[in-house]
Amino acid sequence: MADAMTVPLPGRRALASRVLVWTALILLASIFMLPFLWMIRIALSEADRVDLGLRLLLDWSGLDIRNFARAWQAQPFNRFFLNTLAVTLLGVGGEVLASALVAYGFARMRFPGNRALFLLMLSTMMLPSQVTMIPVFMLFRKLEWIDTFKPLIVPSLFGAPFSIFLLRQFIMTLPRDLDEAAELDGCSVLGTWWRILLPLMKPAMLTVVIFSFIGRWNDLLGPLLYLNSQEKFTLSLGLMAFRGLYSTAWNQLMAASIVVMLPCLVLFFTAQRYFIQGLLIGGLKE
Amino acid sequence: MTSDLRERLSLWAQWALLVLAILVIGYWLTLSRPDVPPGVIQLRFGNFGTPEQLAQEKVILAEFERTHPHIKVKLEWVSAGNYLLKLKTQIAGGNAPDVTWMGSGVFYEFAAKGAFLPLETLLANDPDLKRDDFYPTMIDAYTYKGHLYGLPKDNTGTVLFYNIDALEKAGAPLPDETWTWDDMIRWGQQVTRDTNGDGRIDQFMYLPLWDYLHFYQHGNPVFDPQTGRCVIDQPSGVAAMQFRRDLVYKHHIAPRPLETATLIASGGSGDAGMGAFDLFPLGRVVCLPCNMAVVPYYRKACKFRWDITKVPRGPLDVQLIDGAAYPILAQTKHPHEAWELVKFYSGPWVQTLRAKAGDSVPSLRALANSPLFLDQPPPPAHRAFVLNLFDRYHVFPQHERLGAIEQITGRWFERILSDENPIDVEPGLRQAAAEVNRLLESED
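Residues numbered from 1 in each chain as written. Chains lettered and ligands numbered in written order. Predicted model: local features only at pLDDT ≥ 70, side-chain atom pairs only at ≥ 80, totals over all residues. Heavy atoms only, no water.

Okay, the packing of aromatic side chains next. Across all of its chains, the model carries 39 aromatic pairs over all chains by this definition. With a centroid separation of 5.4 Å and 90° between ring planes, the pair formed by F162(A) and F211(A) is classed as edge-to-face. Of this pair, F162(A) sits in helix 7 (residues 161–171) while F211(A) is found in helix 10 (residues 202–217), placing the two residues 49 residues apart along the sequence. Plain terms: the ring middles of F161(B) and Y298(B) are 5.1 Å apart, the flat faces sit at 90° to each other, and that makes the pair edge-to-face. Remark: Y298(B) occurs in helix 13 (residues 295–301) and F161(B) occurs in strand 7 (residues 152–163); sequence separation between them is 137 residues. Among the residues examined, F161(B) registers a relative accessible area of 0% and is labelled buried. Put simply, the rings of F161(B), F280(B), Y297(B), Y298(B), F304(B) and W306(B) touch in pairs and so form one group of aromatic residues. Above the plane of the ring of W60(A) lies R41(A), whose end atom (NZ or CZ) is 5.5 Å from the centre. (Phe/Tyr/Trp six-rings, centres within 6.5 Å; stacked < 30°, edge-to-face > 60°. Helix = DSSP H or I, 4+ residues; strand = E, 2+ residues; numbered from the N terminus. Buried < 20%, exposed > 50% of the residue type's maximum accessible area, 1.4 Å probe, protein only. Lys NZ or Arg CZ within 6 Å of the ring centre and 35° of its normal.)

Okay, the sheet that holds strand 1 (residues 41–48) of chain B next. Residue and element names in this part refer to chain B. Read from one edge of the open sheet, three strands run 2-1-3, paired in parallel fashion. The sheet is open, and its two edges are formed by strand 2 (71–78) and strand 3 (99–100), each paired on a single side. Inspection of the sheet shows strand 1 paired to strand 3 by two bridges, in the parallel sense. Note that in strand 3 the partner of F45 across the bridge is V99. Sheet strands touched by helix 2 (residues 51–67): strand 1 and strand 2. Its angle to strand 2, the strand with the most contacts, is close to 170°. (Pairing = 2+ DSSP bridges. Contact = heavy atoms within 4.5 Å. Axes fitted to C-alpha atoms, helices over the stretch in contact; angles between N-to-C directions.)

Right, let's talk about the state of the cysteines for a bit. A full pass over the atoms with the stated rule returns zero disulfides over all chains. The closest cysteine sulfur to the non-disulfide-bonded C290(B) is located on C302(B), 10 Å from its own sulfur. (Disulfide = S-S within 2.5 Å.)

In this section: the interface of chain B and chain A. In this assembly, 54 residues from chain B lie in contact with 50 residues from chain A. Summed over both partners, the interface of chain B with chain A buries about 4400 Å², with 66% contributed by carbon and sulfur atoms. Here chain B and chain A share one salt bridge between them. D147(A) serves as the salt-bridge partner of K74(B), at 2.4 Å between the closest nitrogen and oxygen. In this structure, the connection of chain B to chain A is made through seven residue pairs in polar contact (both at pLDDT 80 or more). Among the secondary structure elements, those contributing two or more residues to the side of chain B that touches chain A are helix 1 (3–30), strand 1, helix 2, strand 2, helix 3 (83–92), helix 12 (272–278) and helix 13 of chain B. At 12 residues, helix 1 of chain B tops the list of elements feeding residues into the side of chain B that touches chain A. The residue inventory of the side of chain B that touches chain A, partitioned by class, reads 25 nonpolar, 16 polar and 13 charged. (Buried area = accessible area lost by both parts, 1.4 Å probe. Salt bridge = Lys/Arg side-chain N within 4 Å of Asp/Glu carboxyl O. Polar contact = N/O pair within 3.5 Å; in protein donor to acceptor, adjacent residues only side chain to side chain. Nonpolar A, V, L, I, M, F, W, Y, C, P; charged D, E, K, R; others polar.)

It is worth spelling out a nonpolar patch on the surface at this point. Judged by side-chain polarity, M109(A), F111(A), L117(A), L120(A) and V189(A) come together as a nonpolar surface patch covering roughly 420 Å² of accessible area. Here M109(A) lies in the loop between helix 3 (77–108) and helix 4 (114–123). (Patch = residues over 30% accessible without salt bridge, like charges linked within 9 Å, V, L, I, M, F, W, Y side chains within 5 Å. Areas by Shrake-Rupley, 256 points an atom, 1.4 Å probe, with all protein chains shown as cover.)

Right, let's get into the environment of R299(B). All names here are of chain B. The topology assignment puts R299 in helix 13. It is 21 Å that separates the C-alpha atoms of R299 and L387, two residues lying 88 residues apart in sequence. If we ignore the near neighbours within four places in the chain, the residues touching R299 are W306, A357, Q376, P377, P379, P380 and R383.

Fair warning: the whole summary comes from geometry, so function is off the table for now.
Next comes the structure, spelled out in structure tokens:
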């Protein structure tokens, strides 16, 4: 009979099963890590090395860590970093707040056409960016916003459809009793949103922050089309400059790419719990 | 003041502060700093390249601004792969730069849409530059429906790069301007082999990159000069494509598509288009037809002796030439200043710089025929023959819809040359021509 103080050892079958699962997970993880490992190896290869195939992973001699410094100094990456940080933080901040407000309206306000408007907003996600690229460019040209950061920041102040959808779904899981209690206490509609719901929406908002941050940090098309002056370039444009018409400085490109990728990695690992929570939110029924 | 009023004010104050912060930071970021003194014209110049090329471009523009103090040039520099996308969006959106880079292959596409300013009057009235200063074939390349839209800024030909060490090791002679495809095939079978004993061929004699070349060498243009229709399915076109296919499957001197992908994946950049150029410095391909623009890259990357010569002759002696120009965009508000910039790039100062770089033939004939270009330290050692290319051959093919047409023909050529379930040459070309002609008819 098992003693209350002892923990029964796992049976042989359970142990074998656990070993199998862990082996499979380690194998899968290795496969997924392979491109990243290859990327690191190329980043450390000699400047004039042309043979950069997968076989490079078997040869770790002649590593050159100066590629990171060379790549970063080949262009004004410090400036690009500041530009990207500003565009990303302002864009993310604007998107999160605006999307939260719009989502609150869709989730809590009862008015004719609520559902139709929501579906209309969702349908804009079906439009490929190539379709709207030129009309939007012409709009920004008329506003004289070309070669400024405005096209990359201002649209975020109106929310983003996916973020609005995610946050709406989350708000709908929060009991209406909270709103009613706040209303009874004399809180306005905006006050209820700001004081009561927004603090409770943190997991969903963190998910939006992660998606939005990664999307804006890595955005190439927007900066490519709207920025002309090199001093306004973002990191993604700086990375693309390593690719020439007939040759590419792969070691410098990989080295710079690793550095550019780090903030996204740090953000994801810091907030991954909320990220997974947030992804599940969309699956909840109304 | 009641606590409720204080709370409401506090909430609105928080909101107001937040919005104000965003507006202030945003405004600061978007402040345009006027950097052009009054009386100075600012030109926007669109171009692309690597950081090294950007450094050279800045040297050129510094000299231009020094010699033209009333003009300031704002360089709008992007990477090669994104350049045309950005330019097309700018033109369509009414925000095109004043001057831009344009390759001879895509030139017609833009000229046909009225994107460029005609230059013949500006050139005719110019005291410094004359039409005869340039190769007539390259002037023709930038002439569309009788109007000149670009001054050649450099000329490049497709030449055959060959690996001297590998050829000598295999006991094969070095190719020269007399070589025909029979010579390439004959010696190719000796050079193509498995060098490391793993049972797979890893050194091929030749890598075909320009399929259209074989059509023209068989006397079959891609488009009928009278009707403008695609005629690659004519008997001579079929012979050309069959010859192309035979290089791989009959004579075995060129890799199959799967072998090409494997060669690229086992070394090089892993990108099919750009990785193909890496196969030469990797030693996987002994002879490679390529644009002279890769000379600086091959000088750094190749660890063996190499040189260049003409691409082998087919039934007709036809060679590929191309180049680039800096046209003036029709949307420019400063055509005369833009002309000064274009003229500077095609003029002696810049062309001397280009001649010394060795990656292209100067567009000015006098400089091209000078020791500046001809007597450069090798590699490559043989250069003089390149000048003859521009005297004898024309840029081809050129078409307003060349990009879309190449996608169609490329898809069908891939099926004809495929390792698995290939389509026969004649029906493949017939379907390709039909699809291209349907595209052309839909535009009429």
